[in-house]
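For reference, the chains in residue letters:
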Amino acid sequence: MNLWEMLAVFAAGISAGTINTIVGSGTLITFPVLLATGLPPVTATVSNALGLIPGSVSGAIGYRKELEGQGRRVLKLAIGALIGGLTGATLLLALPSTAFETIVPILVALALVLVILQPRISKAVQRRRETTGSPARPDGGPLLFVGLMLASVYGGYFTAAQGIIYLSLMGMLLDDTMQRLNAVKNVLAAVVNSIAALFFLFVADFDWTAVVLIAVGSALGGQIGARIGRRLSPVVLRVLIVLVGTAAIVQLLLR
């Protein structure tokens, strides 16, 4: 990389770390930049996964207040994220690069619909619980575990917009605030990125210049994103998720 390419990758890392912490989809910023520097798609994907780990961890630390009291929930869901992330990383090396191109925009679009309808869905679920007398499960039950595990398969494969899918599933199945769910999302993203990158370390080639630039940039971005994201109202956060998700769908369709 020349100096200008290095600066572009670093700036993309900051942007990705910021937007990943607030919403998700930061890979849609870093991945095209890495391809523009001449990296092959698989090398760009694995380098990006490793570089974004500090950003995910930084974002989770920034949301540590919202994580209070969620230890058991996070631990259980993280197990599913770990299994899914490892599976997705394996598929990246086993399947053709176009394997997910058709289904991913559909998944993101469905996730956005769930995010938009989440307040109504939550009220309907609450009414049903009151009618049947069944209490809300703090961990979301088997449906959420399996759903997040499947979303993590995709996350280990490519990561773009996985945060939006996480938020849509948790918003539908957990009775909690968007900010607290966003905190859980950041931890799950860190788990998926970490397990995928650890797997890639043994079987794939990295561009270490790209890794370092994205790592430093995303760590800074994670703190920026936490400062901004924690101040957003649930309505604003939901609108931002929809806007970013829509942009993600457009970019994925145009790839």
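No experiment lies behind these values; they were computed from the predicted model shown.

Q: Help me understand the pattern of salt bridges in this model?
A: Pairing is possible between side chains that carry opposite charge, provided their charged atoms lie close to one another. A complete count under the given rule lists 3 salt bridges for this structure. Across the pair Asp-176 and Arg-73 runs a salt bridge, and its minimum N-O distance is 2.9 Å. One end of the pair, Asp-176, is in the loop between α9 (162–173) and α10 (178–203); the other, Arg-73, is in helix α6 (residues 71–94), and 103 residues separate them in sequence. Classification of Asp-176 as partly exposed rests on a relative accessible area of 21%. Salt-bridge contacts for Asp-176 lead to Arg-180; the nearest nitrogen and oxygen are separated by 2.9 Å.

Q: For this particular structure, what's the right way to read the packing of helix α2 (residues 27–36) against helix α3 (residues 41–51)?
A: Relative orientation and spacing of two packed helices are given, respectively, by the angle between their axes and the distance between those axes. Packing of α2 against α3 leaves a shortest axis separation of 9 Å and a crossing angle of 135°. One finds that α2 runs oblique with respect to α3. The two elements α2 and α3 meet at a crossing, and its hand is right-handed. Where α2 abuts α3, its residues Thr-27, Thr-30, Phe-31, Leu-34 and Leu-35 lie against Pro-41, Ala-44, Thr-45 and Asn-48.

Q: Looking at this structure, I do not really get a nonpolar patch on the surface. What am I missing?
A: Nonpolar side chains collect at one region of the surface, where Val-42, Leu-93, Leu-198, Leu-201, Phe-202, Val-203 and Trp-208 lie side by side and expose about 690 Å² of accessible area between them. When residues in the nonpolar patch are grouped by element, the largest group, 4 residues, is from α10. When you line up the elements, Trp-208 lands in helix α11 (residues 208–229).

Q: Which parts of the structure should I look at to understand the environment of Tyr-166?
A: Following the sequence through the fold, Tyr-166 ends up in helix α9. Taking C-alpha positions, Tyr-166 is 10.0 Å from Val-23, a pair spaced 143 residues apart along the chain. Other than its neighbours up to four places away in sequence, Tyr-166 contacts Leu-148, Ala-151, Ser-152, Lys-185, Leu-188, Ala-189 and Val-192.

Q: Before we go on, may I ask you to explain the nonpolar core in this structure?
A: Generally speaking, a soluble globular protein has its nonpolar side chains buried in company with each other. Grouped together as the largest cluster of nonpolar side chains are 60 residues, with contacts concentrated most on Leu-144, Leu-148, Met-170, Leu-188, Phe-200 and Ile-241. Per element, the largest residue contribution to this core is 10 residues, and it comes from α10.

Q: I'm lost on the confidence of the model for the protein chain in this one. Help?
A: Predicted coordinates in regions of low pLDDT should not be interpreted in detail. Per-residue confidence for the protein chain gives a mean pLDDT of 82, with 85% of residues at or over 70. No element of the protein chain has a lower mean pLDDT than helix α7 (residues 103–132), which averages 68, and none a higher one than α11, which averages 93.

About the cut-offs
- Residues numbered from 1 in each chain as written.
- Predicted model: local features only at pLDDT ≥ 70, side-chain atom pairs only at ≥ 80, totals over all residues.
- Heavy atoms only, no water.
- Salt bridge = Lys/Arg side-chain N within 4 Å of Asp/Glu carboxyl O.
- Helix = DSSP H or I, 4+ residues; strand = E, 2+ residues; numbered from the N terminus.
- Buried < 20%, exposed > 50% of the residue type's maximum accessible area, 1.4 Å probe, protein only.
- Axes fitted to C-alpha atoms, helices over the stretch in contact; angles between N-to-C directions.
- Parallel < 35°, antiparallel > 145°, perpendicular 65-115°, else oblique.
- Left-handed = near helix turned anticlockwise from the far one by under 90°.
- Contact = heavy atoms within 4.5 Å.
- Patch = residues over 30% accessible without salt bridge, like charges linked within 9 Å, V, L, I, M, F, W, Y side chains within 5 Å.
- Areas by Shrake-Rupley, 256 points an atom, 1.4 Å probe, with all protein chains shown as cover.
- Core = buried A, V, L, I, M, F, W, Y, C linked by side-chain atoms within 4.5 Å.
- pLDDT = per-residue confidence, 0-100.

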